[in-house]
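A closer look at the structure
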Amino acid sequence: MTEPVFFVPSRRFTVAEVADLTGSAIANLAYAETVIETIASASDGNDKALVFIDGKRNAGLMPSLKAAAVLCPSDVADQAPAGVAVLVNPRPQQAFATVGRLLYPAASTPVALTSETGVSRNAFVDDTAHIEPGAIVEAGAIIGAGASIGAGTVIAPTAVIGRNCQIGRDGYVGPGASVQYALVGNRVVIHGGARIGQDGFGFAGGAKGPERMPQIGRVVIQDDVEIGSNTTVDRGAMTDTVIGEGTKIDNLVQIAHNVRIGRGCIIAGHCGLSGSVTLGDYVMLGGRVGIADHITVGDRVQVAASSGLMYDIPAGERWAGMPAQPMRDFFRELSAIRAFTKHSKGDKNG
């Protein structure tokens, strides 16, 4: 049985073309016409591949590199082996990503799973829904009453778009995903299994136990957002849950009702944002960060993986720990605990 190939390069690039596309300088011009056919990691390259070295982190791989060309910062450019074209760029990983998206567009933006175009005859589309020309609704998808789907957007098999939802242009809603009570902007990618707009976890104490509070808000997702597989975004209780433009959310993230996320944020897998949390712009949350309800996190804050936030964080700070605290305090305490433990062991041994 032949091993399947899932992603095929769209074309070839010369080193000179890559330099033009990424604003890189060719350190050894004799290799300007070297042909690049694929991309690879620096540890798994071959003589047809473009790789990158991102400074000190993997600079040790440079002398033994196997590649057609390497993108790297200037301080390691002279360490490349003979026969490898060197493209000098201060941000090699970003330049590498640019070329990768051009070589493998289907791996960068999800595409239809079937060969159908337009609205599949095996999809259910309510008569009052509006599907712009150029949109694709695949077999098994459901589009509710009054919903609208913009041109260039793909609604994958078994995805569900609820009544009156609006999905912008050039987006993607993956297999088995559901979108309810939501307004979604342009170029938004919602991966398979994600749940957008379901009830928030709102209950009030009653004589017979918890009683449901009606959740009458919406979810508003702005342009260029990406939401990972099996992530959930609850609709607002009385106001909207909002995700700002350009934010990228990993798989298996929980975003509760009334959460407001700013622009350009990065939220890694297994994070949990409790109700009414506010994130500023360009916030970065490592994996498994948990945030208590009604917490405000300022612009450009970074929170280390597995941290638990119980307090507001001012703009620009870096926090870590459980409960989270400023990074310098966290490491100071960790160092003190290690020193105390070492001292205690010494006393026992003595």
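Here the structure is a predicted model, which is why all the values come from computation and not from measurement.

Our focus in this paragraph is the overall build of the protein. Counting its regular elements, the protein contains four helices and 39 strands. Principal axes of the C-alpha set define a box for the protein whose edges measure 75 × 75 × 40 Å. Residues counted as buried form 44% of the 350 residues belonging to the protein. Restricting the contact set of the protein to residue pairs at least 6 apart, pairs at least 24 apart contribute 20%. Only carbon and sulfur atoms are counted for the fraction: they give 54% of the accessible area of the protein, which is about 18100 Å². The centroid of the 29 positive side-chain charges in the protein is displaced by 6 Å from the centroid of its 33 negative side-chain charges.

What follows concerns the pattern of salt bridges. For the coordinates displayed, the defined rule picks out ten salt bridges. Where arginine 235 meets aspartate 199, a salt bridge forms, and the shortest distance between an N and an O atom there is 2.5 Å. In this pair, arginine 235 is assigned in the loop between strand 25 (232–233) and strand 26 (241–243) and aspartate 199 in the loop between strand 20 (195–196) and strand 21 (203–206), connecting sequence segments 36 residues apart. A salt bridge links arginine 332 to aspartate 329; the shortest N-O distance between them is 2.7 Å. Taken together, the residues span about one helical turn, with arginine 332 and aspartate 329 both in helix 4 (residues 327–349) at a distance of three residues. A relative accessible area of 52% places arginine 332 in the exposed class.

Of the two faces of strand 6 (residues 69–72), both are covered, the one formed by Ala69 and Leu71 as well as the one formed by Val70 and Cys72. The sheet contact formed by strand 5 (residues 49–52) and strand 6 spans three bridges and is parallel. Bridging across to strand 6, leucine 50 finds its partner in alanine 69. Here strand 6 pairs with strand 7 (residues 85–88) via four bridges, running parallel. Its bridge partner lying in strand 7, leucine 71 is registered against leucine 87.

What follows covers the sheet that holds strand 11 (residues 142–143). Taken in spatial order, the ten strands make up an open sheet running 8-11-14-17-20-25-28-31-34-37, and their pairing is parallel. Of all strands in the sheet, those with a lone pairing partner are strand 8 (124–125) and strand 37 (308–309), marking the two edges. Relative to strand 17 (residues 178–179), strand 14 (residues 160–161) runs parallel, the two sharing two bridges. Bridging from a neighbouring strand, valine 160 pairs with serine 178 of strand 17.

Let us now look at the packing of helix 1 (residues 15–22) against helix 2 (residues 92–103). In a pair of packed helices, the angle between the axes and the distance between the axes together describe the arrangement. Between helix 1 and helix 2, the least distance of the axes is 10 Å, while the angle of their chain directions is 115°. One finds that helix 1 runs roughly perpendicular with respect to helix 2. Of the two possible hands of crossing, helix 1 and helix 2 adopt the one that is right-handed. Residue-level inspection shows Val18, Leu21 and Thr22 of helix 1 in contact with helix 2, the latter providing Ala95, Thr98, Val99 and Leu102. Of the residues belonging to the contact of helix 1 with helix 2, the class tally is five nonpolar, two polar and no charged.

Here the focus is unusual backbone geometry. The omega torsion of the bond from methionine 322 to proline 323 falls at -5°, within 30 degrees of zero and hence cis. In this structure, tyrosine 181 takes a positive phi of about 50° despite not being glycine. When you line up the elements, tyrosine 181 lands in the loop between strand 17 and strand 18 (182–184). Accessibility expressed as a relative area gives 37% for tyrosine 181, which makes it partly exposed. Of note, asparagine 258 is a non-glycine position whose phi angle comes to about 70°, a positive value. Examined against the element boundaries, asparagine 258 turns out to sit in the loop between strand 28 (254–255) and strand 29 (260–261).

Before going further, it helps to examine the packing of aromatic side chains. Two aromatic rings are characterised by how far apart their centres lie and by the angle between their planes. Applying the stated criterion to the full structure yields three aromatic pairs. On the basis of an interplanar angle of 45° and a centroid distance of 4.9 Å, the ring pair of phenylalanine 52 and phenylalanine 96 is categorised as tilted. Separated by 44 residues along the polypeptide, phenylalanine 52 in strand 5 and phenylalanine 96 in helix 2 bring together distant segments of the chain. Phenylalanine 52 gets classed as buried once you look at its relative accessible area, which sits at 16%. The buried category is assigned to phenylalanine 96, whose relative accessible area is 13%. On the numbers, 5.1 Å between centres and 70° between planes, the contact of phenylalanine 201 with phenylalanine 203 is edge-to-face. Arginine 11 extends its terminal NZ or CZ atom over the ring of phenylalanine 13, reaching a point 4.0 Å from the ring centre. Positioned above the aromatic ring of tyrosine 181, the side-chain terminus of arginine 235 is 4.4 Å from the ring centre.

Parameters at a glance
- The residue numbering used here restarts from 1 in each chain and proceeds along that chain's sequence as written.
- pLDDT decides what is reported in this predicted model: residues at 70 or higher carry local features, side-chain atom pairs at 80 or more are listed and counted, and totals for whole chains, interfaces and linings draw on all residues regardless.
- As a rule here, side-chain values come from all non-hydrogen atoms in the structure, and water together with hydrogens is ignored.
- By the criteria applied, helices consist of DSSP H or I runs no shorter than four residues and strands consist of E runs no shorter than two, each listed in order from the N terminus.
- Using a 1.4 Å probe on the protein chains alone, a residue whose accessible area is under 20% of its type maximum counts as buried, one over 50% counts as exposed, and one in between counts as partly exposed.
- Contact criterion: two residues are considered in contact whenever any of their non-hydrogen atoms come within 4.5 Å of each other.
- Computed by Shrake-Rupley with a 1.4 Å probe, the accessible areas treat only the displayed protein chains as cover when residues are assessed.
- Positive: Lys, Arg. Negative: Asp, Glu. His and the chain ends are not part of the count.
- By convention, charge coordinates are those of NZ in Lys, CZ in Arg, CG in Asp, or CD in Glu.
- The salt bridge criterion pairs a side-chain nitrogen of Lys or Arg with a carboxyl oxygen of Asp or Glu, the two atoms within 4 Å.
- Two strands qualify as a pair provided DSSP detects at least 2 bridges between them.
- Only the stretch in contact is used when fitting a helix axis, every axis being a line fitted to C-alpha atoms; angles between N-to-C directions are given from 0 to 180 degrees.
- Relative orientations are named as follows: roughly parallel for angles under 35 degrees, roughly antiparallel for angles over 145 degrees, roughly perpendicular for angles from 65 to 115 degrees, and oblique for any other angle.
- Crossings are sorted by hand: turned counterclockwise from the far helix by less than a right angle, the near helix makes the crossing left-handed, and turned clockwise it makes it right-handed.
- For this classification, Asp, Glu, Lys and Arg are treated as charged, while Ala, Val, Leu, Ile, Met, Phe, Trp, Tyr, Cys and Pro are nonpolar and the rest, including Gly, are polar.
- Note on ring pairs: Phe, Tyr and Trp rings are taken, using the six-membered ring of Trp, and paired if centres are within 6.5 Å. Classes follow the plane angle, with under 30 degrees stacked, over 60 edge-to-face and the rest tilted.
- Geometrically, a charge over a ring is one whose NZ (Lys) or CZ (Arg) sits within 6 Å of the ring centre while staying within 35 degrees of the ring normal.

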